Amino acid sequence: MSYRKLVSITDLSTDDLHTLLDLSEWFMPQVEEGGFKLDTLRGTSCILLFHEASTRTRASFEVAGKMLGSDTINMGSSGSSSEKGESLKDTALTLNAMDHNVVVLRHASADGIQIFANYFERGLLNAGSGLGQHPTQALLDALTLRRSGLLERGKRVAIVGDLRHSRVMRSNLQLWSSLGMDTVLVAPPQLMPDGWEGLRPEYWAEDATGYGSVSWDTDIDRVLPDVDAVMMLRMQRERMDGGYLTNSDEYSKLYGLFGHRLKKLPASAIIMHPGPVNRGIEISETAFLDPRCRITEQVTWGVASRCALLCWSCGRIPEMYSQTRV
Ligand code: NCD
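Residues numbered from 1 in each chain as written. Predicted model: local features only at pLDDT ≥ 70, side-chain atom pairs only at ≥ 80, totals over all residues. Heavy atoms only, no water.

1. Things to note about the overall build of the protein
Reasoning step 1: Along the backbone of the protein there are 13 helices and 10 strands.
Reasoning step 2: Computed over its C-alpha atoms, the radius of gyration of the protein comes to 19 Å, within 12% of the 20 Å expected for a compact globule of 326 residues.
Reasoning step 3: Counting all 326 residues of the protein, 55% fall into the buried class.
Reasoning step 4: Sequence separation of 24 or more characterises 77% of the internal contacts of the protein that already satisfy a separation of 6 or more.
Reasoning step 5: Counting every atom, the protein has about 13600 Å² of accessible surface; 48% of that belongs to carbon and sulfur.
Reasoning step 6: Across the protein, the mean location of the 34 positive side-chain charges is 3 Å away from that of the 40 negative side-chain charges. (Helix = DSSP H or I, 4+ residues; strand = E, 2+ residues; numbered from the N terminus. Rg over C-alpha atoms; globule rule 2.2 N^0.38 Å. Buried < 20%, exposed > 50% of the residue type's maximum accessible area, 1.4 Å probe, protein only. Contact = heavy atoms within 4.5 Å. Areas by Shrake-Rupley, 256 points an atom, 1.4 Å probe, with all protein chains shown as cover. Lys, Arg positive; Asp, Glu negative; His and termini not counted. Charge placed at Lys NZ, Arg CZ, Asp CG, Glu CD.)

This is how it looks when you write it as structure tokens:
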């Protein structure tokens, strides 16, 4: 087996990205119908090592692993030896010594995933690393955009809300700009990352020629009429130690996707949200029920993209899929 690691979204070449998206599309009808079982990953074991809370990311990896025939094992920080002070390095070495095939890791520190990657020799998927990266979320968001014909050069996506604490924004913005798409960050100054200009591709891409732009606006009403998609974000109160906390009512009034703002969003645009959603704060019930809303689809399609990622990280492709490609 040739194993692969996904630490940051920038680890994926354009070819990798399209391979993963095509494979995710192939899984889609099976996931939507439900109940399928393949033996692509039979004989492998997949450890879901989650040191932070998660519902959809963890559940989608678990469902995907089981659908593919992998023995899927859930491990949180509580109940594992990390509670006894074991380092990530030692956890990686331990799981390596047991010959597990793939680890899906969520960790509170941005560099935990790289430490793990240095010592674990098989497949590894980053399921969210502190304020750093969330590449598997970016992949399912890319799938959502592609299915609406929006994963294209020149398209413009707004990300609105708590950008200071958003690893989803970091991974998405890098993927979109590498494809020539433009990103508008929409947030009040206290919810912007310090030194946000460093998010511009000229600061992190080896060669930013042909990359899309990254800009910042504090006014959602000015931005909405001119976007192809809008991604709303949750206020990550668990990461705020007081200073950045914004009053929810005031925030909703200034930035929430509510009735009057829905009218400003073009008819062809889509609404996304990585979840968990705080209905009534960053997005209204009406927005959730709007035909442009893709939030529920993102969750379903997340399972398809995690099926693709598990296969990719283990270096195994479903036989039926290979047959459709010859
Ligand atoms: C996001 C995360 O954990 O970074 N959620 C997710 O994975 N679906 C965003 C969030 O927690 O608000």
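2. Some words on the side chain of S60
Reasoning step 1: Secondary-structure assignment places S60 in helix α2 (residues 56–67).
Reasoning step 2: In terms of polar contacts, S60 uses its side chain to reach the side chain of R306, at 3.1 Å.
Reasoning step 3: If near-sequence neighbours (up to four positions away) are discounted, S60 is found in contact with G302, V303 and R306. (Polar contact = N/O pair within 3.5 Å; in protein donor to acceptor, adjacent residues only side chain to side chain.)

3. Some remarks on the pairing of strand β3 (residues 71–76)
Reasoning step 1: Bridge count for strand β2 (residues 45–50) against β3 is six bridges, and the pairing is parallel. By the bridge assignment, I47 is partnered in β3 with I73. (Pairing = 2+ DSSP bridges.)

4. Brief notes about the pattern of salt bridges
When the charged atoms of two side chains with opposite charge come close together, those side chains can pair.
Reasoning step 1: Counted by the stated rule, this structure contains 13 salt bridges.
Reasoning step 2: Its salt-bridge partner being E25, residue R147 comes within 2.7 Å of it at the nearest N-O pair. Residue R147 is found in helix α5 (residues 135–147), and its partner E25 is found in helix α1 (residues 14–33); the two are separated by 122 residues along the sequence.
Reasoning step 3: You can call E25 partly exposed: its relative accessible area is 26%.
Reasoning step 4: Note that K66 is salt-bridged to E62, the shortest N-O span being 2.7 Å. With K66 and E62 both in helix α2, this residue pair falls four residues apart, about one helical turn.
Reasoning step 5: The class of K66 is partly exposed, set by a relative accessible area of 40%.
Reasoning step 6: A network of salt bridges, in which partner residues are shared, links D22, E25, R146 and R147. (Salt bridge = Lys/Arg side-chain N within 4 Å of Asp/Glu carboxyl O.)

5. Examining the nonpolar core
Most often, soluble globular proteins have nonpolar side chains that are buried together.
Reasoning step 1: F27 and L310 are the most contacted members of the largest nonpolar core, which has 89 residues in total.
Reasoning step 2: Broken down by element, this core gets its largest block of residues, 11 residues, from helix α12 (residues 295–314).
Reasoning step 3: Filtering out sequence-adjacent residues up to four positions away, L310 remains in contact with L41, C46, F61, A64, G65, L68, V102, V104 and L125.
Reasoning step 4: Residues L105, I113, F116 and F120 belong to the second largest nonpolar core, which totals 13 residues. (Core = buried A, V, L, I, M, F, W, Y, C linked by side-chain atoms within 4.5 Å.)

6. Observations regarding the pairing of strand β4 (residues 102–107)
Reasoning step 1: For β4, the buried fraction is high: six of the six residues fall into the buried class.
Reasoning step 2: Residues V102, V104 and R106 point to one face of β4 and V103, L105 and H107 to the other, with burial holding for every one of them.
Reasoning step 3: Sheet analysis places β2 next to β4, joined by five bridges and oriented parallel. Within the sheet, the bridge partner assigned to I47 lies in β4 and is V103.
Reasoning step 4: With five bridges joining them, β4 and strand β5 (residues 123–129) adopt parallel strand pairing. Residue H107 lies in a different strand from β5, and its bridge partner there is S129.
Reasoning step 5: Taking the sense of rotation as the criterion, the β-α-β connection linking β4, helix α4 (residues 112–119) and β5 turns out right-handed. (Right-handed = clockwise from strand over helix to strand, strands pointing away.)

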